[in-house]
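One letter stands for each residue in the lines below.
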Amino acid sequence: MTVRVRIAPSPTGEPHIGTARTALFNWLFARHHGGQFVVRIEDTDRSRLVPGAVESIRLMLRWLGLEPDEGPAVGGPCGPYFQSERLDLYHREIETLLANGSAYTCYCSPERLAAVNSERQKQKLPPGYDRRCRGLSPDERAAAEAGGVKPVVRFAVPLDGVTVVQDAIKGEVEFENALLQDAVLMKSDGYPTYHFAVVVDDHFMQITHVLRGDEWLPSTPLHLLIYRAIGWEAPVFAHLPLILGKDRAKLSKRHGDTAFKAFVDAGYLPDALFNFLGLLGWALDDKTEIISREQFVEQFDLAGISKSPAVFDFDKLRWMNREYIHALPAERFAALSEEWLLKDLPDELAQRVTPEIVRRIAPELQTRLELLSEIAPKLRFLFEDDVTYDRATLLGKRFTSRPEEALFTLEEIAAELEDIEDWEKDGIWEAVSRVFEQRTLKPREAAPLLYVAITGAPQGVPVNAGMAALGKRRSIQRVKAAVSLLSD
RNA sequence: GCCCCCAUCGUCUAGUGGCCCAGGACGCCGCCCUUUCAAGGCGGAGAUCAGGGGUUCGAAUCCCCUUGGGGGUACCA
């Protein structure tokens, strides 16, 4: 039997980074076993639908390189892949459940449900439905029906016994049936709830393994019971450890922007995020951190998945992204630099960006980045007419008490630069270091002065390379501008 | 409250009875290199394996209890 897995996101907003991790694990599992990865949209909560969300999910998968074998965009033999288009299926199956007595219609109003709950709370009982409609006589049922109430359909869970979940990661987990709720299977609007739709769809889509977040483990016995009531074989369940924030609570908006899109916008590389996410709850061995897609596919399996939740470490993600940026071929990095420059710079500056100038400076930048979004701020000085900074920044620690020394140094540098015929970075640096030597200044202490004059900031790409890219005239102009700032 | 899961350096983890007075990585610190800042190289601090009981010749690894953390408990998914 070929392995078939799925992810089943609900289109209720921008996809979450956790959804990406679940998708990745499913995709990896499918690829490792030569199986299929399907995408199904769980859009049964009509009130929470967000337009565009399905497209965002598609984009996320594509960006990460997790192309589905079946799903809304690609189709497939088990469609449709929107639950809202599979309603007749759910209605058909709910009839079997109703007919064999494992489900019943419930006419209780939301108000009564709330009242029951508050009453139970008062008596220090666990909240839940009191199963009032489970015991309705045919007459009572007919009466309620005549009253025009739109009923829901509830599952009639066994009142005793134990349901055992065989989880591929957690092992054997037992649940007492008596503690389970008569969950709603069909809502009064005619749409199924998650619990029912997931069982019906996973069955008809021939899903063999359900890899989903740990938060679903408590509802798995219910799902198992539904499979049994219809007479279907259940898939293998594997509950993935949760991703936590710094405070060890389930990662969510309050830990910052956890929308997948935020990671794209920040300038993470797809391969880096793929690698990092793949290591969130799974490890290859005792030492390997940087793992290629091929290696992941080859090595990934359920056996390596950890049972305990993992805190999302942004520091490590940034480090990993830097590793991937560093490993990029020079040409690729230059192309990305240009792309991000055009995207992040204001239009009037972006117009001045040329492939030549970017290719020239990009190698100097490549080891100095954690995120691609840092490119524009670091290279902006190349495209501006002039840079702005204050006197204190220019003088830095070294020259604060001796501004005249900074002034003379810059004047001499300007003079030396004038004499350069072949304007390239080595010659520029020779000229600058000549001045430093004459004045017995160590580059370590004097260089920031020049950095500020040229780029506006005391650190960044090597200043001589920056000047080479800037051009002779503009470079000297900036040194002179610094001189005049100090002369005032 | 009740049910369930989890528990190795701050964080991600390796570890499935002896190779572990616990290995790697991020982060942190120091040194070297050096055109500032990075990168790179080298080194360091950092975990009595949550605590307590067992089992065993021997336990981070098995069992029990405690504690801690998390998740679930909707006509949301």
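Below: a short report on this structure. (Residues numbered from 1 in each chain as written. Chains lettered and ligands numbered in written order. Predicted model: local features only at pLDDT ≥ 70, side-chain atom pairs only at ≥ 80, totals over all residues. Heavy atoms only, no water.)

Concerning unusual backbone geometry
Point 1. Residue P80 is bonded to the preceding G79 through a cis peptide linkage, with omega at -5°.
Point 2. Structurally, P80 can be placed in the loop between α2 (53-64) and α3 (87-99).
Point 3. Of note, R248 is a non-glycine position whose phi angle comes to about 70°, a positive value.
Point 4. For R248, the location among the structural elements is in the loop between β10 (243-244) and α8 (260-266).
Point 5. Overall, the relative accessible area of 55% leaves R248 in the exposed class. (Helix = DSSP H or I, 4+ residues; strand = E, 2+ residues; numbered from the N terminus. Buried < 20%, exposed > 50% of the residue type's maximum accessible area, 1.4 Å probe, protein only.)

A closer look at the protein's contact with RNA strand B
Point 1. Lining the immediate environment of RNA strand B, one finds 61 residues, of which K187, R368, R444, Y451 and G460 sit closest.
Point 2. Within 4 Å of the protein, atoms of RNA strand B come from sugar and phosphate in 67% of cases.
Point 3. For RNA strand B, a base nitrogen lies 3.5 Å from a polar atom in the backbone of C108.
Point 4. For RNA strand B, a sugar or linking oxygen lies 3.4 Å from a polar atom in the side chain of K170.
Point 5. Those elements giving two or more residues to the surface near RNA strand B turn out to be β4 (152-155), β6 (171-176), β11 (310-311), α11 (314-327) and α19 (443-455).
Point 6. Ranked by residues supplied to the surface near RNA strand B, first place goes to α11 with six residues.
Point 7. Tallied by class, residues from the surface near RNA strand B come to 28 nonpolar, eleven polar and 22 charged. (Near = heavy atom within 4 Å. Polar contact = N/O pair within 3.5 Å; in protein donor to acceptor, adjacent residues only side chain to side chain. Nonpolar A, V, L, I, M, F, W, Y, C, P; charged D, E, K, R; others polar.)

A few points about the packing of aromatic side chains
Point 1. Applying the stated criterion across every chain, the model contains 14 aromatic pairs.
Point 2. Taking 5.2 Å as the distance between ring centres and 75° as the angle between the ring planes, the aromatic pair formed by F25 and F300 counts as edge-to-face. With F25 in helix α1 (residues 17-32) and F300 in the loop between α10 (293-299) and β11, this residue pair connects regions lying 275 residues apart in the sequence. With respect to class, F25 is no different from F300; both count as buried.
Point 3. Site record: aromatic cluster; members linked through ring pairs are F25, W27, F274, W282, F296 and F300.
Point 4. Taking NZ or CZ as reference, R293 lies 4.2 Å from the ring centre of F274, over its face.
Point 5. Sitting over the ring of W340, K343 keeps its end group 4.0 Å from the ring centre. (Phe/Tyr/Trp six-rings, centres within 6.5 Å; stacked < 30°, edge-to-face > 60°. Lys NZ or Arg CZ within 6 Å of the ring centre and 35° of its normal.)

Re the layout of surface pockets
Point 1. When its volume is computed, the largest pocket comes out at roughly 1200 Å³.
Point 2. A per-element tally of the lining of the largest pocket places α1 first, with four residues.
Point 3. A per-class count over the lining of the largest pocket returns 14 nonpolar, twelve polar and 13 charged.
Point 4. Of the voids in this model, the second largest pocket is the one considered here, and its volume is about 340 Å³. (1 Å grid on protein atoms, 1.4 Å probe; cavity = no way out; pocket = protein on both sides within 12 Å on 5 of 7 lines; lining within 4 Å. Points joined across faces, edges and corners; volume = space filled by probe spheres on them.)

Describing helix α9 (residues 270-278)
Point 1. A large share of α9 lies buried, amounting to seven of its nine residues.
Point 2. By the burial criterion, the buried members of α9 are A272, L273, F274, N275, F276, L277 and G278.
Point 3. The inward-facing, buried residues of α9 abut α1, α2, α8, α10 and α11. (Contact = heavy atoms within 4.5 Å.)

Regarding the pattern of salt bridges
Oppositely charged side chains can form a pair if their charged atoms are brought close together.
Point 1. Applying the stated rule across the entire model yields 35 salt bridges.
Point 2. In this structure, R58 and E55 form a salt bridge, with 2.7 Å as the shortest nitrogen-oxygen distance. Within this pair, R58 and its partner E55 are both found in helix α2, separated by three residues, close to a single helical turn.
Point 3. Its relative accessible area of 30% is what places R58 among the partly exposed residues. (Salt bridge = Lys/Arg side-chain N within 4 Å of Asp/Glu carboxyl O.)

Observations regarding helix α16 (residues 391-399)
Point 1. Those residues of α16 not exposed but buried are L394, L395 and F399. Viewed along the axis of α16, the buried residues span an arc of 65°, placing them on a single side of the element. Turned more than 90 degrees from where α16 packs its buried face, A392 and K397 sit exposed.
Point 2. Where α16 is buried, its residues contact α17 (403-418), α19 and α21 (472-487). (Arc of directions from axis to C-beta.)

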